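# Tertiary structure, described
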Amino acid sequence: FNGSNISLDNFDVRLGAGHITATGGVAIGEGTQGLPGVTVKDLRVQGTNVQIALLAGLANSSKLPQLSGTVNFTATLSGNIADARTLKADINAQGSDVSINGQSAGQLTLVGQMDEKQRFTADLTTGLLGQPQVVHAVIDLAGDNFPATVETTLTNADLTPLFAVIVNNPNVHVTGRATGTLRAS
């Protein structure tokens, strides 16, 4: 601690076989509307073999599906939290042996980065539908109300595993195949 500056020289925690490290800093200053301004300085977090169920438990939401598997990840963040136009962020994560409500999602990858126009673009690749499926999302942090677009293209995708995750009842069996583009804004 140095006045309103906090430096994180070395955060290191072991969680079973998992390991998380972090470095970076935070500066707390005068903000707007009576709230303090918080600026993150080169925060870097890295995890190896971290249990996904543990990360989901940190969200403390009973509405999340049951998740299992492990994840390796790196993430960076810098900028003023109160002003999204100043943020710089990226994430790269790979999940192994991931399952959602008991259904295998295969290998998962998540890659996201901020571009020069303050749009955070993320690509999630999952094997939940039996073949690699990419879900592409863009969030415009410089736009009013942070407009977002999420889309994916399906080609004869087997929806049975997806329905099993959504319904999450072994007595209900829904099947189907889909071809087309799904887009939400």
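These lines cover the structure that appears in this document, whether it is placed above or below. Here the residue numbers are simple positions, counted from 1 along each chain's written sequence. Given that the model is predicted, a residue must reach a pLDDT of at least 70 before its local features are reported, and side-chain atom pairs must reach 80 or more before they are shown or counted; all residues, however, enter totals for whole chains, interfaces and linings. The basis for every side-chain value is the complete set of heavy atoms in the structure, and neither hydrogens nor water enter the calculation.

## Digging into the overall build of the chain
The criterion, for reference: Each helix corresponds to a stretch of at least 4 residues labelled H or I by DSSP, and each strand to a stretch of at least 2 residues labelled E; elements are numbered beginning at the N terminus. Burial classification: accessible surface area is computed with a 1.4 Å probe over protein chains only, and a residue below 20% of its type maximum counts as buried, one above 50% as exposed, and the rest as partly exposed. Throughout, a contact is declared for two residues whenever any of their heavy atoms are within 4.5 Å.
Broken down by element type, the chain carries 2 helices and 10 strands. For the chain, the N- to C-terminal ordering of α and β elements is β-β-β-α-β-β-β-β-β-β-α-β. Within the chain, the fraction of its 185 residues that count as buried is 27%. Taking contacts inside the chain between residues at least 6 apart in sequence as the whole, the part at least 24 apart equals 37%.

## Things to note about the nonpolar core
Counted only if it meets this: For the purposes of this section, nonpolar cores are sets of buried Ala, Val, Leu, Ile, Met, Phe, Trp, Tyr and Cys residues that join through side-chain atoms within 4.5 Å.
Membership of the largest hydrophobic core is limited to 12 residues, which are Ile20, Val50, Ile52, Val71, Phe73, Ala93, Val98, Ile100, Ala105, Leu108, Leu128 and Val165. In terms of residue count, strand S5 (residues 88–100) provides more of this core than any other element does, 3 residues in total. Excluding residues that lie within four positions of it along the chain, Leu128 makes contacts with Gln103, Ser104, Ala105, Pro161, Leu162 and Val165. One finds Ala84, Ala89, Ala122 and Leu141 within the second-largest nonpolar core, a separate group that totals 7 residues.

## Notes on a nonpolar patch on the surface
Filter applied, for reference: The patches reported here contain residues having more than 30% relative accessible area and no salt bridge. Joining distances are 9 Å for like charges and 5 Å for nonpolar side chains (Val, Leu, Ile, Met, Phe, Trp, Tyr). Here, Shrake-Rupley sampling with a 1.4 Å probe gives the accessible areas, and only protein chains in the shown set may cover a residue. A pair is scored as a salt bridge if a Lys or Arg side-chain nitrogen falls within 4 Å of a carboxyl oxygen belonging to Asp or Glu.
A grouping of Ile166, Val167, Val172 and Val174 is seen on the molecular surface, where their side chains present a nonpolar patch of about 310 Å² in accessible area. With respect to the element layout, Ile166 can be found in helix H2 (residues 160–167). Take Ile166: its relative accessible area is 60%, and that puts it in the exposed class.

## Points about the environment of Phe11
Along the polypeptide, Phe11 turns up in strand S1 (residues 5–15). Residue Phe11 is classed as partly exposed on the basis of its relative accessible area of 38%. Along the chain, Phe11 and Val135 lie 124 residues apart, while their C-alpha atoms are 32 Å from each other. With residues near it in sequence (within four places) discarded, Phe11 still touches Ile20, Thr21 and Ala22.

## Brief notes about the pairing of strand S7 (residues 119–126)
Keep this limit in mind: Strand pairing is assigned whenever DSSP detects at least two bridges linking the two strands.
For strand S6 (residues 103–114) and S7, the ladder comprises 6 bridges, and the chain directions are antiparallel. Residue pairing in the sheet places Thr109 in a bridge with Thr125 of S7. Taking the residues that link successive antiparallel strands as the turn, the S6-S7 hairpin has 4 residues, and the phi of Gln118 there is positive, at about 65°. Two elements, S7 and strand S8 (residues 133–140), share 8 bridges in a ladder whose sense is antiparallel. Within S8, the residue paired with Thr125 across the bridge is Val134. The turn joining S7 and S8, which pair antiparallel and follow one another in sequence, is formed by 6 residues; a positive phi near 95° is taken by Gly130.

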